[in-house]
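Listed below, chain by chain, are the residues.
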Amino acid sequence: FSHPESPAKLQKIRKSAAGNLQKLFMDVVTSPSFLLAHGRTQKQQNTPATSLARTLVERLTIGKSSESEATVEAIATALSGWAVDGRGRSIVPRDQAVVTTTILGRTGQWTFRDVVRFLLQDPQSAENVVKAMWLYFVSPSPEAVELSYVSDILRDGDFDLSGAGVELFGFV
């Protein structure tokens, strides 16, 4: 088994995990492993990245809602071009922002960085991230007040994981 990530890329992702959530998302979602897990090979490079967008929206940030399907489709279009080449390297699209889409009420020619920023600006993102961390690290039954408190810290700290992590582990 050959891991598609270079040691340098893995180190970058590990370092991001203790820093800013926006940076971590950008590092993970553009990694060859993540792209391949979502079927983003060179053959699919010019098609909407629906699986990638669905994971980013529904599992990692705002969650599944009645509005999420339109958001997923718009983001899938914005992420067209991201793929992995035959050597296991991420393909960074040169002309990524050429299609106008509406994402969470904003219309324009958005890049991947815009997409991640918009998703994290949604209040539900901080709550979902903190809840996932709580369930994994603290307990299977989080209190709404405690989740809200740590979510506020994460959001107010511009998604810096260290401040929210200190508070989160204070409940252990």
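Residues numbered from 1 in each chain as written. Predicted model: local features only at pLDDT ≥ 70, side-chain atom pairs only at ≥ 80, totals over all residues. Heavy atoms only, no water.

Enquirer: What am I meant to see in the overall build of the protein chain here?
Expert: A count of helical and extended segments in the protein chain gives nine helices and four strands. What you see in the protein chain, going N to C, is helices and strands ordered as α-α-α-α-α-β-β-β-β-α-α-α-α. Sorting the 172 residues of the protein chain into buried and exposed places 42% on the buried side. Put simply, 55% of the contacts in the protein chain that link residues at least 6 apart link residues at least 24 apart. Counting only carbon and sulfur atoms, one obtains 54% of the accessible surface of the protein chain, whose full area is about 9,400 Å². (Helix = DSSP H or I, 4+ residues; strand = E, 2+ residues; numbered from the N terminus. Buried < 20%, exposed > 50% of the residue type's maximum accessible area, 1.4 Å probe, protein only. Contact = heavy atoms within 4.5 Å. Areas by Shrake-Rupley, 256 points an atom, 1.4 Å probe, with all protein chains shown as cover.)

Enquirer: How do you make sense of helix α5 (residues 68-78) when you look at a structure like this?
Expert: Since the α-helix packs 3.6 residues into each turn, any two residues three or four apart lie on the same face. Looking only at α5, the buried set comprises S68, T71, V72, A74, I75, A76 and A78. The elements touched by buried residues of α5 are α4 (50-59), β3 (101-103) and α6 (112-121).

Enquirer: In this structure, what is going on with the packing of α4 against α5? I would like to understand it.
Expert: Pairs of packed helices are described in terms of their axes, by the angle between the two and the distance that separates them. Closest axis-to-axis distance for the α4/α5 pair is 8 Å, and the angle between their directions is 130°. On the basis of the axis angle, α4 is oblique to α5. Crossing angle aside, the handedness with which α4 passes α5 is right-handed. Residues T50, A53, R54, V57 and E58 of α4 form the contact with α5, whose own contacting residues are S68, E69, T71, V72, E73, I75 and A76. Across the contact of α4 with α5, the residue classes tally to five nonpolar, three polar and four charged. (Axes fitted to C-alpha atoms, helices over the stretch in contact; angles between N-to-C directions. Parallel < 35°, antiparallel > 145°, perpendicular 65-115°, else oblique. Left-handed = near helix turned anticlockwise from the far one by under 90°. Nonpolar A, V, L, I, M, F, W, Y, C, P; charged D, E, K, R; others polar.)

Enquirer: Looking at this structure, I do not really get α6. What am I missing?
Expert: Extensive coverage of α6 is indicated by the burial of seven of its ten residues. Every buried residue of α6 is accounted for by F112, D114, V115, V116, F118, L119 and L120. Packing partners of the buried residues in α6 comprise α2 (21-29), α4, α5, β3, β4 (106-108) and α7 (123-137).

Enquirer: Just checking my understanding: could you explain the packing of α2 against α6 for this structure?
Expert: Where α2 meets α6, the axes come as close as 10 Å, and the angle between the chain directions of the two elements is 135°. Considered as vectors, α2 and α6 are oriented oblique to each other. The hand of the α2/α6 crossing is right-handed. Only F112, R113, V116, R117 and L120 of α6 make contact with α2, whose side of the interface consists of L21, Q22, F25, M26 and V29. The residue inventory of the contact of α2 with α6, partitioned by class, reads seven nonpolar, one polar and two charged.

Enquirer: I'm lost on the packing of aromatic side chains in this one. Help?
Expert: Given two aromatic rings, their pairing is described by the distance between the two centres and the angle made by the two planes. One pass over the full model with this rule turns up three aromatic pairs. Ring plane angle 85° and centroid distance 4.9 Å describe the contact between Y136 and F137, whose orientation is recorded as edge-to-face. For Y136, a relative accessible area of 68% gives the class exposed. According to the relative accessible area criterion, F137 is partly exposed, its value standing at 43%. Summarising the aromatic geometry, the rings of F137 and F169 are spaced 5.3 Å apart at their centres and angled 70° between planes, so their arrangement reads as edge-to-face. Note that F137 is positioned in helix α7 and F169 in helix α9 (residues 161-169), a separation of 32 residues in sequence. By relative accessible area, F169 is classed as partly exposed at 42%. (Phe/Tyr/Trp six-rings, centres within 6.5 Å; stacked < 30°, edge-to-face > 60°.)

Function cannot be inferred from these measures alone, as they are strictly geometric.
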